[in-house]
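Listed here are the chains, written in short residue letters.
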Amino acid sequence: MADEKVRNQLEIALHVLKGMVLLSSLGYTNPDVPVMFQRALELGDKVDNSPDLFTMIVGLWMYYLIKAEYGKAKELSDRMLSMAQESKDPPQLLQAYYCLGYTEYLIGNMGQAVAYLEQAVSWDCAGYDYTRQSPSQDDSRVHAYSMLAASLWLWGDAARSQLIQEKTFELVDEVGQPYAEVWALYQRSLLHHMRRDFDKIHTSAGLALEIARTRGFTFFVPLTQFYLAFCIDNPAERLRKLRESHRQLVDAGAGSTQSYMLSSLAEQCIDQESLEEASILLDRSRDFIDQHGESLFEPEYLRVRARLLQMSSESGAAQARELLQRGVESALEHGTPPLALRCALALCELGLPDDVNAENILRDVLGKFHSESEDKEFLMAKTILEKLHV
């Protein structure tokens, strides 16, 4: 019995090593990744909750999250938390709450995501190694702070989001780990894109791409290229590069945030009057949301679909208004006032100054924010309301 336990522990350790190599060289979505990690789960009933077993579950969570299999990711996160609470180990507790928070973020439960991620960073304690519990071997605190910053912005607390973003990059400089840096820079690029700060994407995504290429982090190359493409001035070249990088991501098996990328790509097609392609992309976005439960970005899908209706039909305004109202409702249901605001502003473009309902919706959405924001759309909404009552 003792020999069997030793063999099982050694086998888990071997799979940890193989998983680390696969993650760093081939990326999260390589099909060999779950093969390495699944064996550890099969051994789970025979071995005590060892650090190696915890690491393997983290690796499997990474795979399922990036593949957008959020139900499986949630199950693995719950198992991690159970193990971490039993061990009372701060790095494991931080990792488990981070995994729960990130999963809830993509599902679209933003209040729960913020709560979990705040729990995660509360376990940032001096004197502990926060690299040993993750197969990527970078500091999990960078991931937790970065996702907390993104979640806080979506939750409508731009002031705290900015503070946490600053903390994230102080930590990036402190730990000096290229993988942690490229991950944090990618998340910052995505946040800039959601905030419509396109002029700031070039710096963060450009640096992330440089590190990814230099260090061989191949998964991040098309990912950062996709957001860098929004910085291209020529509209036709921008759309070409977006199509190319998105195709590479799909070929690599990436799933997470696909609904957002598809809707963003569709909007670029609308700008270029490629309305048929835009419709196909939006159908794919809707299917992805329904199949994977990636409800976070449903308001963006509804907003872009409404814009397409306006472009493609003389009678599309009424249908567009209905979709935008649904977008506001969806965003508020999921706790994301900035996405609700984007839909509300589009409603105002359709109806103001005569549409009192659009004005009331805009005012209601602004009241859902947890702090003032310097974002362009927040300031625009305040200006609109002020002008209406001059």
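Preceding this section is the structure that the text describes.
Everything numeric here is computed off the predicted structure, so don't read it as measured data.

Draft legend 1. Up close: helix α12 (residues 235–251). The terminal C-alpha atoms of α12 lie 24 Å apart, and with 17 residues this matches the ideal 24 Å at 1.5 Å per residue to within 8%. Every buried residue of α12 is accounted for by Arg238, Leu239, Lys241, Leu242, Ser245, His246 and Leu249. All buried residues of α12 fall inside an arc of 165° around its axis, so they share one side. Considering only its buried residues, α12 is in contact with α11 (220–228), α13 (258–271) and α14 (275–292).

Draft legend 2. Expanded view of the environment of Gln258. Relative to the elements of secondary structure, Gln258 occurs in helix α13. Taking the C-alpha atoms as reference points, Gln258 and Ala68, separated by 190 residues in sequence, lie 8.6 Å from one another.

Draft legend 3. Spotlight on the pattern of salt bridges. This model, assessed by the stated rule, comprises 24 salt bridges. Salt-bridge contacts for Glu118 lead to Arg160; the nearest nitrogen and oxygen are separated by 2.7 Å. With Glu118 in helix α6 (residues 110–122) and Arg160 in helix α8 (residues 158–175), the pair connects residues that are 42 residues apart, well separated along the chain. A relative accessible area of 29% means that Glu118 is categorised as partly exposed. A relative accessible area of 34% places Arg160 in the partly exposed class. Note that Asp290 is salt-bridged to Arg286, the shortest N-O span being 3.0 Å. Of the two residues, Asp290 and Arg286 are both situated in helix α14; the distance of 4 residues between them amounts to about one turn of the helix.

Draft legend 4. Structural detail: the packing of helix α5 (residues 90–107) against helix α9 (residues 178–194). It is the contact of α5 with α9, at a shortest axis distance of 16 Å, that shows an interaxial angle of 30°. Viewed along their axes, α5 and α9 adopt a mutual orientation that is roughly parallel. In the crossing of α5 with α9, the sense of the turn from one axis to the other is left-handed. Judged by residue contacts, Tyr98, Tyr102 and Tyr105 of α5 engage Trp183, Gln187, Leu190 and Met194 from α9.

Draft legend 5. Region of interest: the side chain of Arg303. One can find Arg303 in helix α15 (residues 298–312). Judged by its relative accessible area of 9%, Arg303 falls in the buried class. If we skip the residues at most four places from it in the chain, Arg303 touches Arg196, Glu267, Leu324, Arg342 and Cys343.

Draft legend 6. Quick look at unusual backbone geometry. Although it is not a glycine, Gln137 adopts a positive phi angle of roughly 60°. Position of Gln137 among the secondary structure elements: in the loop between α6 and α7 (140–155). At Arg196, a position not held by glycine, the phi torsion is positive, near 65°. When you line up the elements, Arg196 lands in the loop between α9 and α10 (198–215).

What counts, and where the lines are drawn
- Along each chain, numbering runs from 1 in the same order as the chain's sequence is written.
- Local features in this predicted model are restricted to residues whose pLDDT is 70 or higher, and side-chain atom pairs enter the listing and the counts only when it is 80 or higher, whereas totals over whole chains, interfaces and linings include all residues.
- Processing note: side-chain calculations cover all non-hydrogen atoms of the structure and skip hydrogens and water entirely.
- Numbering of helices and strands runs from the N terminus, with a helix taken as a DSSP run of H or I at least four residues long and a strand as a DSSP run of E at least two residues long.
- Every helix has an expected span of 1.5 Å times one less than the residues it contains.
- Accessible area is worked out with a 1.4 Å probe on protein chains only. A residue is then buried under 20% of its type maximum, exposed over 50%, and partly exposed in between.
- To be clear, the arc concerns the directions from the helix axis to the C-beta atoms.
- In what follows, a contact means two residues having at least one pair of non-hydrogen atoms within 4.5 Å.
- When a carboxyl oxygen of Asp or Glu lies within 4 Å of a side-chain nitrogen of Lys or Arg, that pair is called a salt bridge.
- Fitted lines through C-alpha atoms give the axes, limited to the stretch in contact for helices. The angle between two N-to-C directions lies from 0 to 180 degrees.
- Here is the rule for angles: anything less than 35 degrees is roughly parallel, anything more than 145 is roughly antiparallel, 65 through 115 is roughly perpendicular, and the remaining ranges are oblique.
- In this scheme the crossing of two helices becomes right-handed for a clockwise turn of the near helix relative to the far one and left-handed for an anticlockwise turn of less than a right angle.

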